Amino acid sequence: MKINDFYKPMLDGTRAVLFDLDGTLVDSMWLWRQIDKEFLARYGHEVPKDLSKCIEGISVVETAHYFINRFNINESPQNIINTWNEMAKYKYQNDVYLKEGAFDFLKYLYESGIKLGICSSNSNILLDVVLSRLNIKEMFGIVISGSDVKKGKPSPECYLKGAEALETDPINCLVFEDLIPGIRAGKNANMKVCAVFDEYSKADDNQKKSEADYYIKNYKDILDV
């Protein structure tokens, strides 16, 4: 395997690659739309059309607070997070898979000695479940969840924490993201960013392309196999 010539500049000087998880590395955004619907139905609410946009990129803790305030839910943030984890766990254990070409790209980076990290808004328990099941957990030097940061994306906090943990200057880091707040988080951290196509954010593709340094339809774009 080698890198497609068009994407070689993307990896020039790159010593660490940081991935968002949902919609970026794994195809999982569909399940969160379903969980939102099922969860809100318990409290007599339908899913508002703007909900996805309102919670894009923010941490799981921030999302729980948002639900409490917007839908007047009389539960603690941790109880809500626990409920979401239980609702999602089965799906992550059985129905979530890597995006096309992702495993080969991860393997290439890992065997090339480039440090790898996950910087996700998701919870620790679900990150552990899916990374272990997909047999890629050992490739990542660090995994930062939404519970590990005070501010979600577009704040650069998660990516700066990732760079620090991997002992890599942000300027030598490359970020992969599927959502605009995540792309902005990477840019705010002074990192190169590659936007990734995802069916659930395809309406934002033009803006993703304009704000990111690179864009891929899937990870097979990067590799000449």
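Definitions and cut-offs
Residues numbered from 1 in each chain as written. Predicted model: local features only at pLDDT ≥ 70, side-chain atom pairs only at ≥ 80, totals over all residues. Heavy atoms only, no water. Axes fitted to C-alpha atoms, helices over the stretch in contact; angles between N-to-C directions. Helix = DSSP H or I, 4+ residues; strand = E, 2+ residues; numbered from the N terminus. Parallel < 35°, antiparallel > 145°, perpendicular 65-115°, else oblique. Left-handed = near helix turned anticlockwise from the far one by under 90°. Contact = heavy atoms within 4.5 Å. Core = buried A, V, L, I, M, F, W, Y, C linked by side-chain atoms within 4.5 Å. Buried < 20%, exposed > 50% of the residue type's maximum accessible area, 1.4 Å probe, protein only.

Time to look at the packing of helix α2 (residues 29-41) against helix α5 (residues 77-94). Across the interface, α2 lies against α5 with an axial gap of 11 Å and an inter-helix angle of 135 degrees. Classified by the interaxial angle, the pair formed by α2 and α5 is oblique. For the pair α2 and α5, the crossing hand works out as right-handed. For the pair α2 and α5, contact is made by W30, L31, W32, Q34, I35, E38 and F39 and by I80, T83, W84, M87, A88, K91 and Y92, respectively.

With that settled, the discussion passes to the nonpolar core. What tends to happen in soluble globular proteins is that the nonpolar side chains get buried as a cluster. Judged by nonpolar contacts, the single largest core of 55 residues is most densely connected at F19, L25, F140, F176 and Y219. Considering every element that reaches this core, the biggest residue donor is α5, with six residues. If sequence neighbours within four positions are ignored, Y219 has contacts with F19, T24, L25, K99, E100, G101, A102, F105, F176 and V196. One finds A16, Y159, A185 and F197 within the second-largest nonpolar core, a separate group that totals 21 residues.

All right, on to the environment of L40 then. Within the secondary structure layout, L40 lies in helix α2. L40 gets classed as buried once you look at its relative accessible area, which sits at 0%. With 27 residues separating them along the chain, L40 and F67 place their C-alpha atoms 9.0 Å apart. When residues no more than four places from it in sequence are discounted, the contact partners of L40 are H45, E46, V47, P48, L51, F67 and F71.

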